[in-house]
Amino acid sequence: MIPDQSFTAVVPAAGIGSRMAAEIPKQYLPLGGSTVLEQTLARLLNHPAIDRIIVATAEQDPWFERLAVARDPRILRVNGGRERADSVLNALAHVETDWVLVHDAARPCLHRADLDAVLAAGRQPQGALLASRVRDTMKRGDGQGAVSSSVPRDELWHALTPQCFATAPLRQALNDALVAGCAITDEASAMEWAGFHPRLVEGRADNIKITRPEDLGLAGFFLQQMNESKL
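Presented here is an overview of the structure given in this document. (Residues numbered from 1 in each chain as written. Predicted model: local features only at pLDDT ≥ 70, side-chain atom pairs only at ≥ 80, totals over all residues. Heavy atoms only, no water.)

1. Here we look at the sheet that holds strand β6 (residues 99-102)
The sheet built from 7 strands is open, its strands ordered β5-β4-β1-β6-β10-β7-β11 with mixed pairing. Of all strands in the sheet, those bounded by a partner on one side alone are β5 (75-79) and β11 (199-202). Along the sheet, successive strands turn relative to each other by an average axial angle of 30°, direction set aside. Direction of pairing for strand β7 (residues 128-133) relative to strand β10 (residues 157-166): antiparallel, over a ladder of 5 bridges. Bridge pairing in β10 links R133 to W157. Helix α1 (residues 36-45) rests against β1 (7-13), β4 (50-57), β5 and β6 of the sheet, and its axis sits at about 155° to β4. Sheet strands in contact with helix α3 (residues 112-122) are β1, β4, β6, β7, β10 and β11, and its direction is about 130° off that of β7. (Pairing = 2+ DSSP bridges. Helix = DSSP H or I, 4+ residues; strand = E, 2+ residues; numbered from the N terminus. Axes fitted to C-alpha atoms, helices over the stretch in contact; angles between N-to-C directions. Contact = heavy atoms within 4.5 Å.)

Here's what the structure looks like:
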């Protein structure tokens, strides 16, 4: 793999996952014989185009260094920030490749075919992100618990990760958006704010992000299905 075709992966893992109502951050909860974070990192470590993974954890995180994967020479831990965008920007300061992908720490059910597709699509100036089409009828609330209107779903997508971009433009977009006080929910939103139009790469809907307690069991089921399909 020649240098300008390789990727560095950034995994922001500084959040506490308050909606999980767990005693430890959700990325360290047990899943499939290891932890959520280890399952996520395994999906990335097994791809030949990914040379390095930078994991951004809370500064006083006592759990990461206890993981066996923390000793993998391809992984670098850095301090995260108050918000996701801060953590990603801190990690980007250590990225040396021309291309970078960002993946959620709590999204362990990433299929290889989806990773291949977004890496291929991400090697263009606008970047790319995995996404899934909205299937349900969408409603806009009125702020008081009632429906204001129905929203056409024809071109609505759920943004997933990984999201892939050229390193320098992403770093600049995140920095400028944070300076401007913009609300940045994912890397694509920073690039959109900077005038880019990332490509949507349709991915599998089972690439779920573990957010609530019930998601953990669902992720375990999906991982079991993934493992059985390889037998």
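Back to the text.
2. With respect to helix α6 (residues 213-229)
The terminal C-alpha atoms of α6, which comprises 17 residues, lie 26 Å apart, in line with the 24 Å expected from a rise of 1.5 Å per residue. Regarding α6, the residues found buried are D215, A219, F222, L223 and M226. End-on, the buried residues of α6 take up no more than an arc of 105°, which puts them together on one face. Residues of α6 that are exposed and point more than 90 degrees away from the buried face comprise E214 and G217. Elements in contact with the buried residues of α6: β2 (30-31) and α1. (Expected span 1.5 Å × (residues − 1). Buried < 20%, exposed > 50% of the residue type's maximum accessible area, 1.4 Å probe, protein only. Arc of directions from axis to C-beta.)

3. Points about the pattern of salt bridges
Tallied over the entire structure, the rule returns 9 salt bridges. Via salt bridges that share partners, R84, D104, R107 and E187 belong to a single interconnected network. (Salt bridge = Lys/Arg side-chain N within 4 Å of Asp/Glu carboxyl O.)

4. Focus on the environment of H94
Here H94 is to be found in the loop between α2 (84-92) and β6. Spatially, the C-alpha atoms of H94 and T8 are 9.6 Å apart, while their sequence positions differ by 86 residues. For H94, the contacting residues outside a window of four places in its chain are R52, I54, L76 and V78.

5. Some words on unusual backbone geometry
Leaving glycine aside, a negative phi is the common case for residues, and trans is the common case for peptide bonds. Looking along the chain, the bond that leaves T161 and enters P162 is cis, with omega of 10°. Its place among the elements puts P162 in strand β10.

6. Digging into the packing of aromatic side chains
Going through the model one piece at a time under the given rule, you end up with 3 aromatic pairs. Relative to W99, the ring of F7 has its centre 6.4 Å away and its plane inclined at 40°; by these criteria the two rings are tilted. In this pair, F7 sits in strand β1 while W99 sits in strand β6, placing the two residues 92 residues apart along the sequence. Pairing F221 with F222 gives two aromatic rings, centres 5.9 Å apart and planes at 55°, and the pair type is tilted. Overall, F222 belongs to the buried group, its relative accessible area being 18%. (Phe/Tyr/Trp six-rings, centres within 6.5 Å; stacked < 30°, edge-to-face > 60°.)

7. Here we look at the pairing of strand β9 (residues 147-151)
One ladder, built from 4 bridges, connects strand β8 (residues 138-141) with β9; its direction is antiparallel. Paired with K139 across the two strands is S150, which belongs to β9. Where β8 folds back onto β9 in an antiparallel hairpin, the turn is made up of 5 residues, including G143, whose phi is positive at roughly 85°.

Nothing here speaks to function; it is all geometry.
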